Amino acid sequence: MMSNVLKNDFNHTYNGLSPEEREKLNGATLLITGCGGFLGYYFMHFFQDKATALGLKKVIALDNFMLGYPAWVKKLEQDPLFDIQKFDIITDKIEDVEGAENADFIIHMASIASPVFYRQYPIETLDANIWGLRSLLDFYKKKKIKGFLFYSSSELYGNPDADHVPTSEEYYGYVCATGPRACYDESKRFGETMCMLFAQKYNMPIGVARPFNNYGPGMRINDKRVPADFALAIKENRDIEILSNGSPTRTFCYIADSITGYLKILLHGTYDYFNIGIESPEISISQLAEYYVEAGKEVFGYTGKVVYATSNDKDYLTNNPQRRCPNIDKARRILHYSPSIPVHEGVKRFLGFIKESSEEEYKW
């Protein structure tokens, strides 16, 4: 049974699309790589919930499931809308996937996004963003697709100076090519270059998304990213542990707003690149923890507190950006993207989802 939080979130995302954007999905077949992750959870359940309203024909969903095979994926296998397959975007051939040649829209998000895990699998992370992307571009470059969405990252900006925060799409970035995050940052940067070149040469309708700190339903709470760590502490009623001094700042964009932006890029139908996030409030990690404490009291009767510690991982904070805040003027102007869920409300929704759902929905 779907949680009330998800029902409301899906309506929010659906209503954030214009009638013209929704109509583009009528009769469409979508191919998604990385379907088993955080964003995949939301996309897959959103498409299931709104399949009739959007007139979707088919969703081909691929993942190598290297970090686990979620129980919720097994449930979706029973829905005839989905063709879910174990598929390694690095080594397997997309032409061997039945129906792939008929896809109207492609969403490529097959990459580990959690720093803890992509540093454990750096070459696999790089390969998915480069060779996996290249195989998709080669396969679809002469087919009449309507949209191709590549997930880049706000990490490609590195650690911007104060003059470039909020950060616009035209900031080149300040990134270390040899640090512990380089496998992710640099492969996203190179992936963007490939997208640009294929769009220029083959007139492919490629949209590039640069996400800024998503959180919410679909994020597994043993994911090791900060919003997940804090949610897990609330669920287990133990102190929230911050493995820094808590001073780095971020803006946190709730998933229902984020997916609206990603769909708008997918449906834009021409090459471009966009920041997708929310521009305010820019808060410290310590402030985020306090939001979790307050929401945790209300949702779970939480009795813990915020404590500070040092990670045993010597590279935990290496090249960690001090500030991350997007300028989304371009997405507002071109895509009419307008995120509206403030972080305190989003945190409460996320915890509400966890309370309403079985563990298999948020921990695997």
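So, here is what we can say about the structure in this document.

**Description of the sheet that holds strand 2 (residues 58–63)**
Across a sheet, paired strands are connected by hydrogen bonds in the backbone, their directions being either parallel or antiparallel.
Okay, so step 1: Taking strand neighbours across the sheet as the criterion, the seven strands line up as 3-2-1-4-5-6-11 in an open arrangement whose pairing is parallel. In the strand order of this sheet, the two ends are held by strand 3 (82–86) and strand 11 (272–276), each with one partner. When strand polarity is set aside, the average angle formed by the axes of neighbouring strands in this sheet is 15 degrees.
Okay, so step 2: As defined by bridge partners, strand 4 (residues 105–108) adjoins strand 5 (residues 147–151) across four bridges and the pair is classed as parallel. Residue Ile107 lies in a different strand from strand 5, and its bridge partner there is Leu149.

**Concerning the pattern of salt bridges**
Okay, so step 1: Under the defined criterion, the tally for this structure stands at 20 salt bridges.
Okay, so step 2: One salt bridge in this structure joins Glu155 and Arg324, with 3.8 Å as the shortest N-O distance. Remark: Arg324 occurs in strand 14 (residues 323–324) and Glu155 occurs in the loop between strand 5 and helix 8 (182–202); sequence separation between them is 169 residues. Each member of the pair, Glu155 as well as Arg324, is classed as buried.
Okay, so step 3: The salt bridge partner of Asp239 is Lys305, with a shortest N-O separation of 3.0 Å. Of this pair, Asp239 sits in the loop between helix 9 (226–235) and strand 8 (240–242) while Lys305 sits in the loop between helix 11 (285–300) and strand 13 (306–308); the two residues are 66 residues apart in sequence, bridging distant segments of the chain.
Okay, so step 4: Judged by its relative accessible area of 28%, Asp239 falls in the partly exposed class.
Okay, so step 5: When salt bridges with common partners are traced through the structure, they connect Asp9, Glu345 and Arg349 into a single cluster.

**Observations concerning the packing of helix 1 (residues 4–15) against helix 10 (residues 255–268)**
Okay, so step 1: Interhelical geometry of helix 1 versus helix 10 gives an angle of 35 degrees and a closest axis separation of 8 Å. Considering the relative orientation of helix 1 and helix 10, their crossing is right-handed. Residues Asp9, His12 and Thr13 of helix 1 lie in contact with helix 10, whose contacting residues are Ala256, Asp257, Ile259, Thr260 and Leu263.
Okay, so step 2: Partitioning the contact of helix 1 with helix 10 into residue classes produces three nonpolar, three polar and two charged.

**Let's talk about the state of the cysteines**
Okay, so step 1: Counted according to the given criterion, the structure contains zero disulfides.
Okay, so step 2: For Cys176, which is in no disulfide, the shortest distance to another cysteine sulfur is to Cys183 and amounts to 12 Å.
Okay, so step 3: The thiol of Cys325 is not disulfide-bonded; the next cysteine sulfur, from Cys253, is found 11 Å away.

What counts as what
- Residues numbered from 1 in each chain as written.
- Predicted model: local features only at pLDDT ≥ 70, side-chain atom pairs only at ≥ 80, totals over all residues.
- Heavy atoms only, no water.
- Pairing = 2+ DSSP bridges.
- Helix = DSSP H or I, 4+ residues; strand = E, 2+ residues; numbered from the N terminus.
- Axes fitted to C-alpha atoms, helices over the stretch in contact; angles between N-to-C directions.
- Salt bridge = Lys/Arg side-chain N within 4 Å of Asp/Glu carboxyl O.
- Buried < 20%, exposed > 50% of the residue type's maximum accessible area, 1.4 Å probe, protein only.
- Left-handed = near helix turned anticlockwise from the far one by under 90°.
- Contact = heavy atoms within 4.5 Å.
- Nonpolar A, V, L, I, M, F, W, Y, C, P; charged D, E, K, R; others polar.
- Disulfide = S-S within 2.5 Å.

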